Amino acid sequence: MKSSSARACDGADAITGRAVSESHRAIEAIWRIESARLVAGLTRIVGDFATAEELAQDVLVAALEQWPVSGVPEKPGAWLMGTAKHQAIDLIRRRQALERKHEEIGRDVERAQEGLDLDAAIDEEVGDDLLGLIFMACHPVLSREARVALTLRALGGLSTEEIARGFLVPVSTIAQRIVRAKRTLTEAHVRLEVPTGPERAARLGSVLEVVYLIFNEGYSATGGEDWVRPGLCDEALRLGRILAELAPTEPDVHGLVALMEIQASRLGARVGPSGEPVLLLDQDRARWDRLLIRRGLAALERAERLGGALGPYAMQAAIAACHARAATAAETDWPRIVALYDAVAQLEPSPVVELNRAVAVGMAFGPAAGLELVDSLVHEAALKSYHLLPAVRGDLLRKLGRYEEAGAEFERAASLTANVRERELLQRRAAECAADRMAG
């Protein structure tokens, strides 16, 4: 039996352990908020993303060691940046290079030591730094997968393990992508900058693509056992909102934010009680998040007010708005959706856009009209392994009473998807077709 003093020590250890654990949770939350800002500022100082992230990780380790003992500082962001700048000074001194930067950082530290507000000094350039970091992480010199991983790491503050979990890939794969991405940026001499002129539009397109890829993987997971992964949607929304604040005059940015806000409003209704998928026309619209819909419609209005022709994201947001404004599925303005898809096809023609347009045509003008368009896409190379092509075809065939063909299409679609929940849904629809055929 333990003595009273031993039990007291155990109790004290437990309390201390809880305090440390609470401190670590607080540090993790602060890190999520401050890490992008920190990496962006350090990249501007040292001129190299890989070095900046290493310094930032060193600062995180310092916080994990010191804050549980000393307490979380009143201005944690200023503490993190101040510590990082000191480490940057040491690094530059060791390298005996970048003298001008050294003097600049030294002046920042002197001002901080004289009692000036370091947070204010950092905030002077943090907007451009963050925007520059977004453009750097999404640079076209990187592969699409590398851009996604680096963006979530640098701007989302996610660990390699969290990114790997989100995309259902091995941790080692994500780690390799990030390492290769940093190396590529260094070798290509990619700088922290906000592009201007004609280059800006092309680079912005790469940024928007990455953010929407992250959102889509959360909204309709390509693999695994979950139909949706809301965490990825939340992260994409956060990045989109930051981008809208940093680039308020870019209509394409507001168009993407509008699209994501409206689509995210349906997340709660997309999954049934047992995690099964619930398709758009079957969803309980009372469960749609009205706040997100209002935010999405407001973002779409901002895109429209900025003038000029709407981009593809804003057009898709307008399509999503048609669904959001319909109180019931039956009230959906399908002819307008067809017209909007016509416009999207003009802006960004692709077989997937044509498939979506065929769905709208089938709803607006009957399944035979939709099937005619789908049949014209059957031999498209880009759709050869795309499970939604046979899924859409199966749906249209079923509406036309061609149950045997419809069931075969649903079975084929099920064989092409890597998502367990979606496969179960498609197999269930194939079984329903068999039952319809027996009954008919």
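Heads up: the structure comes first, above all this text.
Quick caveat: nothing in here was measured; it's all calculated off a predicted structure.

> Whenever I open this one, the packing of helix α14 (residues 334-347) against helix α15 (residues 351-365) confuses me. Can you help?
In helix packing, the relevant descriptors are the interaxial angle and the interaxial distance, both defined with respect to the helix axes. Following both chains from N to C, one finds α14 and α15 inclined at 160°, their axes separated by 8 Å at the closest point. Considered as vectors, α14 and α15 are oriented roughly antiparallel to each other. Both α14 and α15 take part in a crossing whose hand is left-handed. Where α14 abuts α15, its residues W334, P335, I337, V338, Y341, D342, V344 and A345 lie against V353, E354, N356, R357, A360, V361, M363, A364 and F365. Residues of the contact of α14 with α15, tallied by class, amount to 13 nonpolar, 1 polar and 3 charged.

> What am I meant to see in the packing of aromatic side chains here?
Remark: the centre distance and the inter-plane angle together describe each pair of aromatic rings, the angle taken between the planes. One pass over the structure, following the stated rule, counts 4 aromatic pairs. Relative to Y219, the ring of F215 lies with its centre 5.8 Å away and its plane at 15°, an arrangement referred to as stacked. Linking F215 with Y219, this pair stays in helix α9 (residues 197-219), spanning 4 residues, or about one helical turn. The two residues F215 and Y219 agree in class, both being buried. One aromatic cluster is present, formed by Y212, F215, Y219 and Y313 through successive ring pairs. In this arrangement the basic side chain of R266 is found over the ring face of W288, its NZ or CZ atom lying 5.8 Å from the centre.

> How should the layout of surface pockets be read in this particular structure?
Over the atoms, a rolling probe the size of a water molecule traces out where space has been left empty. Here the second largest pocket defines a volume of roughly 300 Å³. Along its surface, the second largest pocket is lined by 19 residues, and W31, L60, G157, L158 and S159 are the ones closest to its centre. Within the residue set of the lining of the second largest pocket, elements represented by two or more residues are α1 (4-46), α2 (49-70), α6 (144-154) and α7 (160-167). When residues of the lining of the second largest pocket are assigned to their parent elements, the largest contribution, 7 residues, is made by α1. Of the residues contributing to the lining of the second largest pocket, the split by class is 7 nonpolar, 6 polar and 6 charged.

> Teacher, can you tell me more about empty space enclosed by the protein here?
For the coordinates displayed, the defined rule picks out 1 cavity of 30 Å³ or more. Reported here for the largest cavity is a volume of approximately 40 Å³. Considering the residues around the largest cavity, the lining is formed by I134, C138, T151, L155, V207, V211, L239 and L243. The set of elements that each furnish at least two residues to the lining of the largest cavity consists of α9 and α10 (230-246). The residue inventory of the lining of the largest cavity, partitioned by class, reads 7 nonpolar, 1 polar and no charged.

> Just to check I follow, could you spell out the environment of S265 for this structure?
Note that S265 resides in the loop between α11 (251-264) and α12 (290-305). Classification of S265 by relative accessible area gives buried; the value is 2%. Along the chain, S265 and R285 lie 20 residues apart, while their C-alpha atoms are 9.8 Å from each other. When neighbours within four sequence positions are excluded, S265 is seen to be in contact with R287, W288, D289, L292 and I293. Side-chain polar atoms of S265 contact the backbone oxygen of I262, separated by 2.4 Å.

> Would you mind going over α11 with me for this structure?
Because an α-helix completes one turn every 3.6 residues, residues spaced three or four positions apart along the sequence face the same direction. When the terminal C-alpha atoms of α11 are compared, their 20 Å separation across 14 residues agrees well with the 20 Å that a helix rising 1.5 Å per residue should span. Regarding α11, the residues found buried are V253, H254, G255, L256, V257, A258, L259, M260, E261, I262, Q263 and A264. In the core, the buried residues of α11 are packed alongside α9, α10, α12 and α13 (312-325).

Procedures and definitions
- Residues numbered from 1 in each chain as written.
- Predicted model: local features only at pLDDT ≥ 70, side-chain atom pairs only at ≥ 80, totals over all residues.
- Heavy atoms only, no water.
- Axes fitted to C-alpha atoms, helices over the stretch in contact; angles between N-to-C directions.
- Helix = DSSP H or I, 4+ residues; strand = E, 2+ residues; numbered from the N terminus.
- Parallel < 35°, antiparallel > 145°, perpendicular 65-115°, else oblique.
- Left-handed = near helix turned anticlockwise from the far one by under 90°.
- Contact = heavy atoms within 4.5 Å.
- Nonpolar A, V, L, I, M, F, W, Y, C, P; charged D, E, K, R; others polar.
- Phe/Tyr/Trp six-rings, centres within 6.5 Å; stacked < 30°, edge-to-face > 60°.
- Buried < 20%, exposed > 50% of the residue type's maximum accessible area, 1.4 Å probe, protein only.
- Lys NZ or Arg CZ within 6 Å of the ring centre and 35° of its normal.
- 1 Å grid on protein atoms, 1.4 Å probe; cavity = no way out; pocket = protein on both sides within 12 Å on 5 of 7 lines; lining within 4 Å.
- Points joined across faces, edges and corners; volume = space filled by probe spheres on them.
- Polar contact = N/O pair within 3.5 Å; in protein donor to acceptor, adjacent residues only side chain to side chain.
- Expected span 1.5 Å × (residues − 1).

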